[in-house]
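Structural overview for review
Read off the chains here:
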Amino acid sequence: MNVNIHQSWKSLLAPEFEKPYFNSLVQFVKQEYQTTKCYPKGGHIFAAFDHCTFDDVKVVIIGQDPYHGPGQANGLCFSVNDGIPHPPSLINIFKEIEQDLGTPYPKSGDLTRWADQGVLLLNATLTVRAHQAGSHQNKGWESFTDAVIDTVSKQKEGVVFMLWGGYAKRKGAKIDKQRHHVLASGHPSPLSANRGYWFGNRHFSQCNHFLSQKGLDLINW
């Protein structure tokens, strides 16, 4: 099956593309995009992999669903296209970076600039129907993104995994903590952040400290 994903990932994930669940998933997604409004745009479904090749992965951030409002989703978790108001979770991410690193709150909510530096911004589910959160869950995407996480865990070393909230922690439960650096906290959503589970986690400075110890370029958050 021809899947439009960067070659560095395609060779590693080829066994997944041949599995029955993935064939069913492809048929489901094609049907959804032909008959309803879905996000992100078809060409951006695998954007996380296109902007962050396997060799370049230094950090993995795990999200859940793409944004389901008009013009928001661009294939990178927590990211929105330029000109789109920042969603609440993204606002809190930027506020934490501001507090943690002293960098000013950015105008752009497009996190492509992170992805291009080696941050894999991976949603558990890569597509969604417009205005229907979770509408493409349990169709096969979770199995695919589990395989992605497992591949990074087993075939790379010294990657920083950021697990925000219960869902991400469960999804990252099998990451080899002997080989990688796992940072876990509450989710940046207002519900969690306002209860004290997000602000002050200092994940961004901790991440860069770990990368510096490995002699790697820091992420310009």
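Parameters and conventions
Residue positions within a chain follow its written sequence, with the count starting from 1. Whole-chain, interface and lining totals are the exception, using all residues; otherwise, since this is a predicted model, local features are given only for residues with pLDDT of at least 70 and side-chain atom pairs are given and counted only at 80 or more. With hydrogens and water set aside, each side-chain value is computed from the structure's full complement of heavy atoms. A run of H or I in DSSP becomes a helix once it reaches four residues, and a run of E becomes a strand once it reaches two; helices and strands are each numbered from the N terminus. Computation of the radius of gyration draws on C-alpha atoms, with the globule rule given as 2.2 Å multiplied by the number of residues to the power 0.38. For every residue, the accessible area obtained with a 1.4 Å probe (protein chains only) is divided by the maximum for its type, and the residue is called buried under 20%, exposed over 50%, and partly exposed between those limits. We call two residues in contact whenever any of their non-hydrogen atoms come within 4.5 Å of each other. Values of accessible area rely on a 1.4 Å probe in the Shrake-Rupley scheme; residue burial ignores everything except the protein chains shown. In this tally Asp and Glu are treated as negative and Lys and Arg as positive; neither His nor the chain ends contributes. A single reference atom marks each charge: NZ on Lys, CZ on Arg, CG on Asp, CD on Glu. By convention in these notes, a salt bridge is any Lys or Arg side-chain nitrogen within 4 Å of a carboxyl oxygen on Asp or Glu. For Phe, Tyr and Trp, rings pair up if their centres lie within 6.5 Å, where Trp contributes its six-membered ring, and each pair is then called stacked (planes under 30 degrees apart), edge-to-face (over 60) or tilted (otherwise). For a Lys NZ or an Arg CZ to count as sitting over a ring, it must be within 6 Å of the ring centre and within 35 degrees of the ring normal. Only strands that DSSP links by at least two bridges are regarded as paired with each other. The convention used is that axes are lines fitted to C-alpha atoms, helices contributing only their stretch in contact, and that angles between N-to-C directions extend from 0 to 180 degrees. Pairs of N or O atoms within 3.5 Å make up the polar contacts considered here, provided that, within protein, one atom can donate a hydrogen while the other can accept it, and that residues adjacent in sequence are counted only when both atoms are side-chain atoms. What sets the label is the angle itself: under 35 degrees gives roughly parallel, over 145 gives roughly antiparallel, 65 to 115 gives roughly perpendicular, and the rest give oblique. In this count, Pro and Cys sit with the nonpolar residues alongside Ala, Val, Leu, Ile, Met, Phe, Trp and Tyr, while Asp, Glu, Lys and Arg are called charged and the others, Gly among them, polar.

**A closer look at the overall build of the chain**
Scanning the chain from N- to C-terminus turns up 9 helices and 6 strands. Taking 17 Å as the expected radius of gyration for a compact globule of 221 residues, we find that the chain reaches 17 Å, a close match to that expectation. Its C-alpha atoms give the chain principal-axis dimensions of about 45 × 35 × 25 Å. Looking at the 221 residues of the chain, the share that counts as buried comes to 52%. Contacts in the chain between residues at least 24 apart in sequence constitute 63% of all its contacts with a sequence separation of at least 6. Summing over all exposed atoms, the chain offers an accessible surface of approximately 10,400 Å²; the carbon and sulfur share of this is 48%. For the chain, the centre of its 22 positive side-chain charges and the centre of its 19 negative side-chain charges are spaced 5 Å apart.

**Considerations on the pattern of salt bridges**
Within the structure shown, the criterion is met by 6 salt bridges. Where Asp146 meets Lys171, a salt bridge forms, and the shortest distance between an N and an O atom there is 2.6 Å. Taken together, the residues Asp146 in helix H6 (residues 141-155) and Lys171 in helix H7 (residues 165-171) connect sequence positions 25 residues apart. A residue is classified by how much of its surface remains accessible, and Lys171, at 12% relative accessible area, is buried.

**Observations concerning the packing of aromatic side chains**
Considering all chains together, one arrives at 19 aromatic pairs under this definition. Aromatic pair Phe46 and Trp141: ring centres 5.9 Å apart, planes at 70 degrees, arrangement edge-to-face. Placement of the pair is Phe46 in the loop between strand S1 (38-39) and helix H3 (47-51) and Trp141 in helix H6, with a sequence separation of 95 residues. As far as the burial class goes, Phe46 and Trp141 line up, both buried. Look at Phe78 and Trp164: their rings are 5.5 Å apart centre to centre, the planes differ by 55 degrees, and that puts the pair in the tilted class. Of this pair, Phe78 sits in the loop between strand S2 (59-63) and helix H4 (88-101) while Trp164 sits in strand S5 (residues 160-164), placing them 86 residues apart in sequence. With a relative accessible area of 2%, Trp164 lands in the buried category. An aromatic cluster of at least three residues, connected via ring pairs, comprises Trp9, Phe17, Tyr21, Phe22, Phe46, Phe49, Phe54, Trp141 and Phe144. Note that Lys156 overlies the ring of Phe54, its terminal NZ or CZ placed 4.9 Å from the centroid.

**Examining the sheet that holds S2**
Sheet architecture is open: 4 strands sit in the order S3-S2-S5-S6, paired in parallel fashion. Edge strands, defined here as strands with exactly one partner in the open sheet, are strand S3 (119-123) and strand S6 (181-185). For this sheet, the mean angle separating the axes of adjacent strands, direction not counted, is 20 degrees. Taken together, the 5 bridges between S2 and S3 define a ladder with parallel strand orientation.

**A short note on the side chain of His180**
As for its placement among the helices and strands, His180 is situated in the loop between H7 and S6. Within the local environment of His180, its side chain forms a polar contact with the backbone nitrogen of Val159, the two atoms lying 3.1 Å apart. The contacts of His180, once residues within four sequence positions are left out, are Val152, Ser153, Lys156, Glu157, Gly158, Val159, Phe161 and Ile175.

**Points about the pairing of S5**
Most of S5 sits out of view: 5 of its 5 residues are buried. Alternating positions in S5 separate into two faces, Val160, Met162 and Trp164 on one and Phe161 and Leu163 on the other, with burial throughout. Judged from the 3 bridges that link them, S2 and S5 form a sheet pairing that is parallel. Its bridge partner lying in S5, Ile61 is registered against Met162. Bridge analysis of S5 against S6 gives 5 bridges, and the strand direction is parallel. Following the sheet pairing, Val160 is matched in S6 by His181.

**A word on the environment of Glu142**
Structurally, Glu142 is set in helix H6. With 17 residues separating them in the primary sequence, Glu142 and Thr125 have C-alpha atoms 5.9 Å apart. Glu142 has contacts with Ala124, Thr125, Gln137, Tyr167 and Lys171, leaving out every residue within four places of it along the chain.

**Quick notes on the packing of H4 against helix H9 (residues 203-213)**
Contact pair H4 / H9: the axes reach a minimum separation of 8 Å and the direction vectors enclose 60 degrees. It follows that H4 is oblique to H9 by the angle criterion. On H9, the residues touching Ile93, Glu96, Ile97, Asp100 and Leu101 of H4 are His203, Phe204 and Ser205. Residues that form the contact of H4 with H9 fall into these classes: 4 nonpolar, 2 polar and 2 charged.

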